[in-house]
Amino acid sequence: MPVLVASDLDRTLIYSSAALALTMPDARAPRLLCVEVHESRPLSYMTETAARLLTDLGDVAAFVPTTTRTRKQFQRINLPGPPPAFAICANGGHLLVDGVTDRDWHARVLGRLADECAPLAEVREHLTRTADPVWLRKQRVAEDLFAYLVVDRELLPEDWVKELAAWAENRGWTVSLQGRKVYAVPQPLTKSAAVREVARRTGADLVLAAGDSLLDADLLQAADRGWRPGHGELADTGWLAPQISALPERGVLAGERILREFLAEARR
Ligand SMILES: [Mg+2]
């Protein structure tokens, strides 16, 4: 397949009810398809139109879900269309081939992390020492690769995030704030490196991408063409690159628009 579509999932193609950002009268709201159930409750959605577009995309491109989610969090998502041959989880730390992690790829990632940035233990220790229980809800480690906090956004001081980002930067780590989560991710752990590996293996000559957060910036930079929604960290900071289109749509309708753009470009 000569066209590769590497897309972020959360708040790019799929949306929790808190992230839908529907603004039309209820009677004119699009019909939604639930694509993720967690602890027996519906969690993530796309519009039915987006679901159809994603199915159509499978005929003209290799769709590669490209997410910061752990493998376990990814595997409970039930996307329409055929199961993807490649999927990228843990922000590039795991490359799934027909649903199974590629051990060689994972070993290469671990090698880079050991060489190029501070160890996870040091970052965890810093988070534990500086996060305030007033706003901290949970502290988690994902796949033994990176850490994230679940926070109360109302109470989270903006300065704390800025200070953390500066501290992390000096140690080769990146901080990203997405909804109720603060991520601390090693800089060498990137979606783009994993996408390049998939492009190499598939012989793709065109890579399309989409994403909404700081952790998607390298993915978009590495693509031939990319799109970002009107919401999210990248929109909030006005982030752009020459081959990237900033879409006006926000919320679940941005997901639909992104799939429309993927399909048009792949068919070109
Ligand atoms: Mg996202």
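Fair warning: this is a prediction, and the values are worked out from it, not measured in the lab.

### Focus on the packing of helix α4 (residues 120–130) against helix α5 (residues 158–169)
Following both chains from N to C, one finds α4 and α5 inclined at 155°, their axes separated by 12 Å at the closest point. Viewed along their axes, α4 and α5 adopt a mutual orientation that is roughly antiparallel. The two elements α4 and α5 cross, and the hand of that crossing is right-handed. Along its contact with α4, which presents Glu-122, Val-123, His-126, Leu-127 and Thr-130, the element α5 presents Trp-160, Leu-164 and Trp-167. A per-class count over the contact of α4 with α5 returns 5 nonpolar, 2 polar and 1 charged.

### A short note on the packing of helix α1 (residues 48–60) against helix α9 (residues 252–267)
α9 packs onto α1 with a crossing angle of 20° between their chain directions and a minimal axis gap of 9 Å. On the basis of the axis angle, α1 is roughly parallel to α9. Judged by the twist between their axes, the crossing of α1 over α9 is left-handed. In this structure, α1 uses Thr-49, Ala-50, Leu-53, Leu-54, Asp-56, Leu-57 and Val-60 to contact α9, whose residues at the interface are Glu-256, Leu-259, Arg-260, Phe-262, Leu-263, Ala-266 and Arg-267.

### Here's the deal with the pairing of strand β12 (residues 181–186)
Looking along a regular strand, one sees side chains alternate from face to face of the sheet. Among the 6 residues that make up β12, 5 are buried, leaving the element largely enclosed by the rest of the structure. When strand β10 (residues 146–151) meets β12, the two strands line up antiparallel, connected through 4 bridges. Bridging from a neighbouring strand, Ala-147 pairs with Ala-184 of β12. Here strand β11 (residues 173–178) runs beside β12; their pairing, made up of 6 bridges, is antiparallel. Looking at the pairing, Ser-176 lines up with Tyr-183 of β12. Between β11 and β12, which pair antiparallel one after the other, the connecting turn spans 2 residues, and Gly-179 there sits at a positive phi close to 60°.

### Topic: the coordination of the magnesium ion
For the magnesium ion, every protein donor is listed as Asp-8 (OD), Asp-10 (O) and Asp-212 (OD), and the spread of their distances is 2.1 to 2.2 Å. Coordination of the magnesium ion draws on donor residues from a single chain, spaced D-x1-D-x201-D in sequence. Accessibility expressed as a relative area gives 26% for Asp-10, which makes it partly exposed.

### Overview of the domain arrangement of the protein chain
Once the domains are mapped, the protein chain shows domain 1 (3–110 + 189–266) and domain 2 (118–186). The C-alpha centroid of domain 2 is placed 23 Å from the C-alpha centroid of domain 1. In total, domain 1 and domain 2 occlude about 1,200 Å² of area from one another, counting both sides; carbon and sulfur atoms represent 63% of this. Three residues stand out in domain 1 for area buried against domain 2, namely Leu-189, Leu-215 and Glu-233, and they jointly supply 38% of the buried area on that side. Of the charged contacts in the structure, one is a salt bridge between Arg-71 and Glu-143, with a shortest N-O distance of 2.7 Å. Remark: the boundary between domain 1 and domain 2 carries 6 residue pairs in polar contact (both at pLDDT 80 or more). Elements supplying a minimum of two residues to the side of domain 1 that touches domain 2: α2 (71–75) and α3 (103–116). Residue composition of the side of domain 1 that touches domain 2, grouped by class: 5 nonpolar, 8 polar and 3 charged.

### Description of the packing of aromatic side chains
If you walk through the whole model with that rule in mind, you get 4 aromatic pairs. Between the aromatic rings of Phe-146 and Tyr-183, the centroid separation amounts to 6.3 Å while the plane-to-plane angle is 45°, which identifies the pairing as tilted. Remark: Tyr-183 occurs in strand β12 and Phe-146 occurs in strand β10; sequence separation between them is 37 residues. Accessibility expressed as a relative area gives 1% for Phe-146, which makes it buried. Since its relative accessible area comes to 11%, Tyr-183 is described here as buried. Ring geometry for Trp-227 against Phe-262: centres 5.6 Å apart, planes inclined by 85°, an arrangement best described as edge-to-face. Placement of the pair is Trp-227 in strand β14 (residues 225–228) and Phe-262 in helix α9, with a sequence separation of 35 residues. Each member of the pair Trp-227 and Phe-262 is classed as buried. Counting every residue linked through ring pairs, the aromatic cluster contains Phe-146, Tyr-148 and Tyr-183.

Cut-offs and rules
- Residues numbered from 1 in each chain as written.
- Predicted model: local features only at pLDDT ≥ 70, side-chain atom pairs only at ≥ 80, totals over all residues.
- Heavy atoms only, no water.
- Axes fitted to C-alpha atoms, helices over the stretch in contact; angles between N-to-C directions.
- Helix = DSSP H or I, 4+ residues; strand = E, 2+ residues; numbered from the N terminus.
- Parallel < 35°, antiparallel > 145°, perpendicular 65-115°, else oblique.
- Left-handed = near helix turned anticlockwise from the far one by under 90°.
- Contact = heavy atoms within 4.5 Å.
- Nonpolar A, V, L, I, M, F, W, Y, C, P; charged D, E, K, R; others polar.
- Buried < 20%, exposed > 50% of the residue type's maximum accessible area, 1.4 Å probe, protein only.
- Pairing = 2+ DSSP bridges.
- Donors = N, O, S within 2.8 Å, 3.2 Å for Na, K, Ca; no water.
- Domains from an automatic or database assignment.
- Buried area = accessible area lost by both parts, 1.4 Å probe.
- Salt bridge = Lys/Arg side-chain N within 4 Å of Asp/Glu carboxyl O.
- Polar contact = N/O pair within 3.5 Å; in protein donor to acceptor, adjacent residues only side chain to side chain.
- Phe/Tyr/Trp six-rings, centres within 6.5 Å; stacked < 30°, edge-to-face > 60°.

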